[in-house]
Amino acid sequence: MTILVCDDDREIVDAIEIYLLQEGYEVCKAYDGEQAVAMMKQKKIDLLIIDVMMPKLDGVRATLQIRKESSIPIIILSAKAEDTDKILGLNVGADDYITKPFNPLELVARVKSQLRRYTTFSNQAGTSAEEVYEVRGLTINDSLKKVCVDGEEVKLTPIEYNILLLLVKNKGKVFSINQIYESIWNEEAIGADNTVAVHIRHIREKIEINPKDPRYLKVVWGVGYKIEA
């Protein structure tokens, strides 16, 4: 698998490359957002690690451009640890967020987790036995990894898809933020509120006619989220 690492600090790029090469990944390197966007068009990239603050085109705007064409996992790096910056990264389509300075082993673990989730999502699409779940016009064909609302296909990222599938398969059941996070990310939910909330908002924007008055994905205040049965 090929990972694109983009940061204007060449020492950080080289250090990340060393750890990724040790795990058997192929590594491509870029040093600003423009290079990253161009490289995404030239090569098959399986995961992107990108810094926020860079010259020419920053990581946020680069992620926005890349998300228009690709659903690959994106991990944002930033020296900023505030929740607002984390939310911004998730809002533009990133799947994960790591603040500098970071433990390279933790970064590698997150890379493996994202690739495992994305690969499973891709490989399972198109299997023969159909598994279809439907709730009042919202249909999920889990064999094809396809979501439709009133017959119109909706494009979700793997994480968005997995959250929606969890809720639809258990329609009527309320899941707390921690339960959603631990089910989807397969790790302990520490400070998961913003991460889950941002992905929930993205799902609503894609499946609801009016995200502020959702037909499907309901919040149960003080408890969590559910798909209305």
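Look above for the structure.
From a predicted model like this one, the values you see are computed outputs, not experimental measurements. (Residues numbered from 1 in each chain as written. Predicted model: local features only at pLDDT ≥ 70, side-chain atom pairs only at ≥ 80, totals over all residues. Heavy atoms only, no water.)

A. Broad picture of the sheet that holds strand E2 (residues 26-30). A sheet is described by the order of its strands in space; here 5 strands give the open sequence E2-E1-E3-E4-E5, paired in parallel fashion. In this open sheet, the two strands that pair with only one neighbour each are E2 and strand E5 (96-99). Mean inter-strand twist for the sheet, computed between neighbouring axes without regard to direction, equals 20 degrees. For strand E1 (residues 2-6) and strand E3 (residues 47-51), the ladder comprises 4 bridges, and the chain directions are parallel. Along E3, the bridge assignment pairs Cys6 with Ile50. Running over the sheet, helix H2 (residues 33-42) touches E1, E2 and E3 and is turned about 160 degrees from E1. Its contacts with the sheet put helix H3 (residues 59-67) on E3 and strand E4 (74-78), and the angle it makes with E3 is roughly 155 degrees. (Pairing = 2+ DSSP bridges. Helix = DSSP H or I, 4+ residues; strand = E, 2+ residues; numbered from the N terminus. Axes fitted to C-alpha atoms, helices over the stretch in contact; angles between N-to-C directions. Contact = heavy atoms within 4.5 Å.)

B. Local environment of a nonpolar patch on the surface. A contiguous nonpolar patch, built from Ile18, Tyr19 and Leu105 and spanning about 290 Å² of accessible area, is present on the exposed surface. Its place among the elements puts Leu105 in helix H5 (residues 104-124). Of the residues examined, Leu105 reaches a relative accessible area of 57% and is grouped as exposed. (Patch = residues over 30% accessible without salt bridge, like charges linked within 9 Å, V, L, I, M, F, W, Y side chains within 5 Å. Areas by Shrake-Rupley, 256 points an atom, 1.4 Å probe, with all protein chains shown as cover. Salt bridge = Lys/Arg side-chain N within 4 Å of Asp/Glu carboxyl O. Buried < 20%, exposed > 50% of the residue type's maximum accessible area, 1.4 Å probe, protein only.)

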